[in-house]
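Residue strings, one per chain:
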Amino acid sequence: MVEKRFVDDSGNEIIISVDDDDLDFDIEDGSIPFDITIEEGEEPTGDLVISCKYLNVRFGEVYPAIITIEDGKFKDVIPIISDDDSQLDLDYDGVLIPGFIDSHIHIESSKLSPSNFAKAVLPHGTTSVIADSHEIANVLGIDGVNFMVEDGKNAPFDFYFTAPSCVPATSFEGSGATLDSEDIEELLKREEIVALGEMMNFKGVIGEDEEVIRKLEISNGLSKPIDGHAPCLSGEDLKKYASYNISTDHESGDFREAIEKKNLGMKIMVREGSSAKDMDSLLNVDDRINHVIEEEMKGNIEVSTIDESISESPFDFLVTDDIDANDLSNGHMDNLVKKAISLKINPKEAIKMVTLNPAEHYGLNCGEIEIDKVANFALVDNLRDLNVQKVWVHGELVAEDGKTLFTPQSPNLVNNFNLDEVSPEDFDTFIELPFNDMMDQTVNVNVIKIFDGKISTKKGHATLLLKDNVVQCDLNKDVIKVAVLNRYGTGDICNGFIKGFNLKKGAIASTVSHDSHNVIVVGTNSQDMADAVNLIRENKGGIAVVSGEDDFKDILELPIAGLMSDRDLEYVSYKLTELQQEAHHLGCTLTSPFMTLSFMSLLVIPSFKISDKGLFDVNKFKFIDLLSDNLFNSF
């Protein structure tokens with residue numbers, strides 16, 4: 001037997017002795033199926049006392065309650081029993097809900113330092129993130145992880161981190177650091193490191209690479225969850241990958257892929273970021289209906305109504321993975337929950353995907369309004385519109401009416417940029433003609449084909465003109481130049497061609513290029529590409545747009561590892577918007593051109609990418625030549 005406490009609308013305290021099995025009884029209608037005793041109520045005490053309706057996210061019920069907080073945790077949650085909730089004199093209208101948790105994010109992709117990131121997302125109800133510092137670790141190693149941890153302490157926000165498992169992500173690119181299994185063990189023993197970061201080297205797992213398997217064993221030995229990253233993996237390979245206790249995946253491209261992983265025990269993260277937007281596909285209503293019908297036919301579930309059955313998500317978490325400052329200025333996890341609701345997920349279930357579910361999976365003492373849990377919570381107008389009005393972290397009010405109530409310290413600057421000045425000739429692709437160079441000729445080349453809203457690519461082909469032995473762009477076919485330059489001092493550079501940006505003039509360049517974050521540039525001509533890269537070099541990192549034809553150049557400086565600004569959301573968002581408008585002025589038709597550009601060097605996402613060492617066929621996991629089989633054709 002345990003005691004449960006309530007108060008009635010006259011302020012009397014009700015003490016009920018309840019069997020453990022009856023703890024989830026429903027008091028919403030004011031009736032209690034137990035004998036009760038009414039005693040003179042004592043005034044609830046604590047550092048903070050709030051009366052308001054709240055969401056019991058575990059059981060999916062909303063009750064009026066008196067909630068007390070002490071030393072940053074919920075001291076007591078005392079439901080109020082009333083015949084008419086509308087007559088209660090509560091401190092707040094609306095509903096208190098647990099603070100949102102983004103359970104898979106690379107903060108670096110926002111271009112904000114952790115403390116400025118916290119300032120940006122707190123007004124939207126996010127109070128915690130599980131951040132994979134994979135990006136800065138590829139640049140600075142453990143020093144980069146330490147920067148993220150320490151800067152995060154400058155904000156009233158709960159930052160949890162994962163140990164970056166793949167630094168570098170592959171051996172096919174130049175990076176700034178390496179984290180071996182000993183480094184991973186050191187990180188995983190730290191309290192703020194709650195999991196092994198996404199295991200992108202699925203080839204290494206399947207092939208039983210000794211160092212990869214050692215990292216998995218260390219994490220399992222320390223009882224830390226392992227995040228996965230297995231795009232398009234299926235069948236026996238997927239079974240082997242999951243068998244190492246890899247417990248999540250955020251790279252499912254469609255419903256069937258996600259269900260296959262889910263059936264192997266993996267928890268599925270539904271991603272909706274700035275570039276990769278998977279929610280429409282993974283939470284597609286027709287797919288969910290068909291799945292419910294199939295499961296009922298197999299006898300796995302009982303269906304009362306289809307609408308009720310599909311209101312529960314078949315998957316586990318909502319995450320952003322990579323989200324830029326422009327999108328953050330319009331919302332964070334609140335937007336993901338709202339979109340899930342628009343796809344007919346029950347609001348309480350959608351909220352659970354960003355509160356209790358990740359908290360339980362990663363062993364966090366938060367994610368619900370319950371005794372002894374960390375008091376991270378928000379006040380919203382209702383569970384459908386989900387407009388955030390106030391936010392508390394550890395029981396302290398930190399955001400109100402869309403504004404944060406604190407100012408973070410200026411972050412320290414850490415960097416290791418090392419790139420010599422470049423010239424236009426560095427971006428020319430020379431082909432030695434085998435015969436009369438007076439004859440106009442063309443050459444067939446392999447081309448990276450990109451798609452708006454996707455980080456995956458395909459390999460295409462184009463026939464391009466040779467002029468003075470240099471391969472030319474073809475703007476009519478939307479085939480322009482792309483190059484990656486090593487920024488760690490090796491001098492390596494690779495040139496190629498890309499289709500999908502639709503640039504008509506100028507160039508755009510960035511030091512945000514997953515995963516090793518070398519300099520990546522696309523452009524219609526070598527001069528503008530050189531000018532854009534040199535502008536980045538002068539600032540030791542950034543995102544640049546250049547057009548010699550318009551006598552224009554501009555940059556968002558990223559002095560923190562070439563990945564993040566030391567300025568706040570307003571500045572970064574303003575500059576990104578300005579640069580994006582300039583990119584569109586150059587002809588670019590992509591929704592998020594800089595986010596898309598940043599993934600063109602990510603060699604673990606299918607199917608054709610580029611690094612500072614060469615053009616890379618992800619499916620074959622090897623370099624390929626720029627030239628396709630048919631080398632020369634008459635023009």
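Everything quoted here is computed from the prediction, not taken from an experiment.

A look at the packing of helix 4 (residues 181-188) against helix 6 (residues 210-221)
- Look at helix 4 against helix 6: their axes get within 9 Å of each other, and the N-to-C directions meet at 15°. Judged by the inter-axis angle, helix 4 sits roughly parallel to helix 6. The interaxial crossing formed by helix 4 with helix 6 has right-handed handedness. Where helix 4 approaches helix 6, its residues S181, I184, E185 and L188 are matched on the opposing element by E211, R214, K215, I218 and S219.

Here's the deal with the sheet that holds strand 13 (residues 248-249)
- An order of 13-14-15 is seen for the three strands of this open sheet, with the pairing classed as parallel. What marks the edges here is a single partner per strand, and that holds for strand 13 and strand 15 (317-319).
- Bridge count for strand 13 against strand 14 (residues 267-271) is two bridges, and the pairing is parallel. Counterpart to D249 in the pairing with strand 14 is I268.

What about the packing of helix 8 (residues 255-263) against helix 10 (residues 285-297)?
- Axis separation between helix 8 and helix 10 bottoms out at 11 Å; the angle between their running directions is 40°. In terms of orientation, helix 8 lies oblique with respect to helix 10. The element helix 8 and its partner helix 10 pack so that their crossing is right-handed. Contact residues: F255, R256 and I259 in helix 8; D287, R288, H291 and E294 in helix 10.

Quick look at the side chain of S547
- Along the polypeptide, S547 turns up in strand 27 (residues 542-547).
- Separated by 3.1 Å, the side chains of S547 and D550 make a polar contact.
- In this view, S547 contacts K505, G506, D528, F552 and L586; residues no more than four positions away in its chain are not counted.

Conventions we followed
Residues numbered from 1 in each chain as written. Predicted model: local features only at pLDDT ≥ 70, side-chain atom pairs only at ≥ 80, totals over all residues. Heavy atoms only, no water. Axes fitted to C-alpha atoms, helices over the stretch in contact; angles between N-to-C directions. Helix = DSSP H or I, 4+ residues; strand = E, 2+ residues; numbered from the N terminus. Parallel < 35°, antiparallel > 145°, perpendicular 65-115°, else oblique. Left-handed = near helix turned anticlockwise from the far one by under 90°. Contact = heavy atoms within 4.5 Å. Pairing = 2+ DSSP bridges. Polar contact = N/O pair within 3.5 Å; in protein donor to acceptor, adjacent residues only side chain to side chain.

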